[in-house]
Amino acid sequence: MSRVSDLNAELRLLEMKANDEYRLKKVHTEKEWEYLCKVIECCDELENLNRGYPNEREKWRRKKDYYDEKAMEIRNILDASKPKPASKPERNAKPVYENMPNQEYENNSESKPRKKSEIPEKFAVYAEKYGSPIPDEDYVSPNSSKDVPPEMIRSWYQDYPNHDLSDVVGMESVKEQAKKEILNKIGWGKMEQEFGMSMLKSYMFYGPYGTGKTFFVEGLAMELMKRGFKFLRLAGSDLHGKYVGVGEKAAKAAFMEAMECAPSILFFDEFDNVCADRDGQSVEGHEKRLSNEFIQEYDKLKAKLEGTTKPVVILTATNYPDKIDGAMRNRISSYLLIPLPPEDLRQLYFKNKLKKFTLSDDVSYEFMADVTDNFGMRDLEKVVNYLKNEIIESAKEEFGVKEDNGVISPELSEDIVLEAISSGRKKLTRELFENALDANKPDKKEDILASLKAFETKL
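Residues numbered from 1 in each chain as written. Predicted model: local features only at pLDDT ≥ 70, side-chain atom pairs only at ≥ 80, totals over all residues. Heavy atoms only, no water.

> An account of the environment of leucine 14 is needed here, citing residue identities and associated values.
Structurally, leucine 14 can be placed in helix α1 (residues 2–25). Classification of leucine 14 by relative accessible area gives buried; the value is 7%. In sequence terms leucine 14 and leucine 36 are 22 residues apart; their C-alpha atoms lie 7.3 Å from each other. Ignoring any residue separated from it by four or fewer positions in sequence, one finds leucine 14 in contact with Tyr35, Lys38, Val39 and Cys42. (Helix = DSSP H or I, 4+ residues; strand = E, 2+ residues; numbered from the N terminus. Buried < 20%, exposed > 50% of the residue type's maximum accessible area, 1.4 Å probe, protein only. Contact = heavy atoms within 4.5 Å.)

This is the structure:
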């Protein structure tokens, strides 16, 4: 249930940001609308995660519908405020907020191709060489259908990530393993064809939640995109729709799409929800059907790729590898463990994230790392974000300038508060750090660590 609690926390933060955006600026903004879109995404995922709990699902569905209406209203206001073009307006044009909550796909704004200037400089050469990895707006996949619309398939295509493996801090042994097991074995298509080797590769990244599995996979994907690979990523809502059979059709379309745009990467996060163990007592009928379809389509793709030189790489990530169907586990090429961050990595993380704050004499980065044993990267992120907010709020109270009504004025105070923090007049103290730890206890990991240890004995 940790993912549920994480989503609840993220949802509350996004709601607060959206409210503050309007409260402080007194007008609706694009930023407020973006926060609401992310709120809807959280509600959508929470609804899917509560399969089997009708009351909870209904609660998140209602909340999603509420924010859907609110986002649409703000979108209309923002669009109305834009200057109208002199040419004839389009008729029946799709709204910018393209049916996100009502369709079975996520209209992910991060998937939209970025302008060349927005791509990190070190990756610009690949954008120049291969162009945008996102299909054109009018792209209609031959694998689309009524249940798997073109917009859904297009949303699977991902833009260049903002990082590669060199940007992944620590995890040196995992990076070496990934290079040895994956990167060094890809790109020898003619040789593999000559010796009848499979062009379908599949890898699983597993470990406790909050260790950075998805971040690592994105970095690995970028390494492959440097070689011209397309990157497709499926969300849970793509495969767990409201209607019977939609998930199986989406899985089939995904494998067909990956083959047609090869060389390609097909990434499934939370893979235990995609290919659940069919022998599991708590696994429902539709989940078993999805697992059946997934394995069948995997085998079909493997057969279709015989004799070709363009590989398809299946990347999966999970916290619960023991809950994945055994037949699928046997098809995985390699397993890579993403462990909890060790002490030196935790120290480096705090040093990088808190470098703009001056530490008081009673606290150090070594102390921070020492007292955060058994913290995942997500746990550390919560502590850091809470700490930043506490320092900033404390600095506002101490150095902020109040208006006549007693309210601290952002216009009069912002430069003063920034100077107080940057100059070290406002320090990060041990008391502030311990308060952040008390307010952000790490998720309990004993059960998942035990299950992972048991799984490793079977490898």
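> Explain the pattern of salt bridges to me, and be specific about the residues and the numbers.
Scanning the model with the defined rule gives 24 salt bridges in all. The residue lysine 63 makes a salt bridge to glutamate 15 at a minimum N-O spacing of 3.2 Å. Separated by 48 residues along the polypeptide, lysine 63 in helix α3 (residues 54–81) and glutamate 15 in helix α1 bring together distant segments of the chain. Here arginine 425 and glutamate 419 are joined by a salt bridge, their closest N and O atoms 2.6 Å apart. Where salt bridges share partners, they join Lys122, Asp164, Asp167, Glu223 and Lys226 into one cluster. (Salt bridge = Lys/Arg side-chain N within 4 Å of Asp/Glu carboxyl O.)

> Describe empty space enclosed by the protein, with residues and values.
Using a probe with the size of a water molecule, rolled over the atoms, empty space left in the structure can be pinpointed. The tally for this structure, following the rule as stated, stands at two cavities of 30 Å³ or more. By volume, the largest cavity amounts to about 50 Å³. Those elements giving two or more residues to the lining of the largest cavity turn out to be α10 (246–260) and α11 (285–304). Looking at the lining of the largest cavity, the element that brings in the most residues is α11, giving four residues. The class makeup of the residues in the lining of the largest cavity is four nonpolar, no polar and three charged. (1 Å grid on protein atoms, 1.4 Å probe; cavity = no way out; pocket = protein on both sides within 12 Å on 5 of 7 lines; lining within 4 Å. Points joined across faces, edges and corners; volume = space filled by probe spheres on them. Nonpolar A, V, L, I, M, F, W, Y, C, P; charged D, E, K, R; others polar.)

> With reference to specific residues and values, describe the sheet that holds strand β3 (residues 264–268).
Strands sit in the order β2-β3-β4-β1-β5 across an open sheet of five strands; the sheet is parallel. A strand with exactly one partner marks an edge of an open sheet, and here the two such strands are β2 (230–234) and β5 (334–337). The sheet shows a mean angle of 20° between the axes of neighbouring strands, direction not considered. Here β3 pairs with strand β4 (residues 312–318) via five bridges, running parallel. Considered in β4, the bridge of serine 264 is made with valine 312. On top of the sheet, α11 reaches β1 (200–206), β3 and β4; it is set at about 140° to β1, its chief contact. (Pairing = 2+ DSSP bridges. Axes fitted to C-alpha atoms, helices over the stretch in contact; angles between N-to-C directions.)

> Tell me what's going on with a negative patch on the surface, and back it up with residues and numbers.
A contiguous patch of negative charge, built from Glu343, Asp344, Glu366, Asp370 and Asp373, is present on the exposed surface. When residues of the negative patch are traced back to their parent elements, those giving at least two are α13 (343–353) and α14 (365–370). Mapped onto the secondary structure, aspartate 373 falls in the loop between α14 and α15 (377–399). (Patch = residues over 30% accessible without salt bridge, like charges linked within 9 Å, V, L, I, M, F, W, Y side chains within 5 Å. Areas by Shrake-Rupley, 256 points an atom, 1.4 Å probe, with all protein chains shown as cover. Lys, Arg positive; Asp, Glu negative; His and termini not counted. Charge placed at Lys NZ, Arg CZ, Asp CG, Glu CD.)

> Help me get a handle on unusual backbone geometry, residues and values and all.
With an omega dihedral of 5°, the bond running from alanine 262 to proline 263 counts as a cis peptide bond. As for its placement among the helices and strands, proline 263 is situated in the loop between α10 and β3. Notably, asparagine 374 is not glycine yet its phi reads approximately 75°, a positive angle. For asparagine 374, a relative accessible area of 27% translates into the label partly exposed.

> Can you break down the confidence of the model for the protein chain residue by residue, with the values?
Residue-level pLDDT values for the protein chain average 84, and 89% of them are 70 or greater. Low pLDDT, under 50, characterises residues 84–110; the stretch is placed with 45 contacts to residues that sit more than four places away or in other chains. (pLDDT = per-residue confidence, 0-100.)

> Can you lay out helix α16 (residues 410–422) for me, pointing to particular residues and giving the numbers?
End to end, α16 covers 17 Å across 13 residues, agreeing with the expected 18 Å (1.5 Å per residue, within 8%). Residues Ser413, Val417, Ala420 and Ile421 constitute the buried set of α16. Angular distribution of buried residues about the axis of α16 spans 90°; they occupy a single face of the element. Exposed residues pointing more than 90 degrees away from the buried face of α16 are listed as Glu411, Glu414, Asp415, Leu418 and Ser422. Its buried side turned inward, α16 meets β6 (358–359) and α15. Residue glycine 424 follows α16 closely and has a positive phi angle near 90°. (Expected span 1.5 Å × (residues − 1). Arc of directions from axis to C-beta.)

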